Amino acid sequence: MATALQNLSEYDMASVPSGAGKRIGIVVAEWNKAITHALCTGAIETLLKHHVAEDQIFVQHVPGTFELALGAQWLEERMHVDAVICIGCVIQGDTPHFDFICAGATDAIVQLNLKFSKPFVFGVLTTLNLEQAQDRAGGKHGNKGDEAAVTALKMLGLRERLR
Ligand code: DLZ
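Here goes a summary of the coordinates provided. (Residues numbered from 1 in each chain as written. Predicted model: local features only at pLDDT ≥ 70, side-chain atom pairs only at ≥ 80, totals over all residues. Heavy atoms only, no water.)

### Topic: the site of the ligand
Then step 1. Every residue near the ligand is listed here: Trp 31, Asn 32, Gly 64, Thr 65, Phe 66, Glu 67, Cys 89, Val 90, Ile 91, His 97 and Ile 101.
Then step 2. For the ligand, an oxygen atom lies 2.7 Å from a polar atom in the side chain of Thr 65.
Then step 3. In this structure, a nitrogen atom belonging to the ligand sits 2.8 Å away from a main-chain N or O atom of Cys 89.
Then step 4. Considering the ligand on its own, with 490 Å² of exposed area, one finds that the protein chains cover 71% of that surface.
Then step 5. In terms of residues, the shell around the ligand owes the most to one element, strand β3 (residues 83-91), which gives 3 residues.
Then step 6. Its residues placed into classes, the shell around the ligand shows 6 nonpolar, 4 polar and 1 charged. (Near = heavy atom within 4 Å. Polar contact = N/O pair within 3.5 Å; in protein donor to acceptor, adjacent residues only side chain to side chain. Areas by Shrake-Rupley, 256 points an atom, 1.4 Å probe, with all protein chains shown as cover. Helix = DSSP H or I, 4+ residues; strand = E, 2+ residues; numbered from the N terminus. Nonpolar A, V, L, I, M, F, W, Y, C, P; charged D, E, K, R; others polar.)

Next comes the structure, spelled out in structure tokens:
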């Protein structure tokens, strides 16, 4: 589980299927904006690197991580995307709010994968402090946005292989 053991931006380029012809949604939480913006930028750059067309990437913002699932569902329904990358950053505070937001978002995103039978990727950082988030948003542990984009393309590739 530890990202200290695996850089989020390092992967085998050859293992990632082409994104040519794919429509990808990205829903981004506004909370901890500097972090989520860096994650979104990483995701977009990675999708472009793997040949997703710029005009086939659809980015929408929601207030917080808790709203990601509904935003992602609306993106799927309105834009008919092949996959949605959900981007958020929840930083632990002094109250149990962190646990409720993380659990709610995680459960809801899992349900979307199964309901639509397509990838809704969990590009959410859940960290103990801001430094851990920065380390995973383009810092020393790479960028979770890159990893989320790679995951979306790999899952679409798997679906095609199983057809
Ligand atoms: C309320 C809240 C808090 C305390 N912390 C975060 C956070 O660290 N990251 C995040 O994305 N959102 C946070 N939110 C907002 C909730 O996700 C949600 O937007 C509100 O509870 C309204 O439903």
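On we go.
### Quick look at the pattern of salt bridges
Then step 1. According to the stated counting rule, one finds 4 salt bridges in the structure shown.
Then step 2. Residue Lys 22 pairs with Glu 160 through a salt bridge whose shortest N-O separation is 2.6 Å. With Lys 22 in the segment before β1 (24-29) and Glu 160 in helix α5 (residues 144-161), this residue pair connects regions lying 138 residues apart in the sequence.
Then step 3. Here Lys 118 and Glu 76 are joined by a salt bridge, their closest N and O atoms 2.7 Å apart. Taken together, the residues Lys 118 in the loop between α3 (97-116) and β4 (120-127) and Glu 76 in helix α2 (residues 68-79) connect sequence positions 42 residues apart.
Then step 4. By relative accessible area, which is 15% here, Lys 118 ends up buried. (Salt bridge = Lys/Arg side-chain N within 4 Å of Asp/Glu carboxyl O. Buried < 20%, exposed > 50% of the residue type's maximum accessible area, 1.4 Å probe, protein only.)

### Some remarks on helix α1 (residues 33-49)
Then step 1. Taking 1.5 Å per residue as the helical rise, α1 with its 17 residues ought to reach 24 Å, and the 24 Å between its terminal C-alpha atoms agrees with that figure.
Then step 2. Where α1 ends, the next residue or the one after it, His 51, has phi of about 75 degrees, a positive value. (Expected span 1.5 Å × (residues − 1).)

### Regarding the sheet that holds β1
Then step 1. Taken together, 4 strands build an open sheet; the order of strands is β2-β1-β3-β4 and the sheet is parallel. In this open sheet, the two edge strands, each paired with only one partner strand, are β2 (57-62) and β4. This sheet shows a mean twist of 15 degrees between the axes of neighbouring strands, independent of strand direction.
Then step 2. Taken together, the 6 bridges between β1 and β2 define a ladder with parallel strand orientation. From the neighbouring strand, Ile 26 faces β2, where its bridge partner is Val 59.
Then step 3. Sitting on the sheet, α1 is in contact with β1, β2, β3 and β4, with an inclination near 155 degrees to β3.
Then step 4. In the packing of α3 onto the sheet, the strands contacted are β3 and β4, and the crossing angle to β4 comes to about 170 degrees. (Pairing = 2+ DSSP bridges. Axes fitted to C-alpha atoms, helices over the stretch in contact; angles between N-to-C directions. Contact = heavy atoms within 4.5 Å.)

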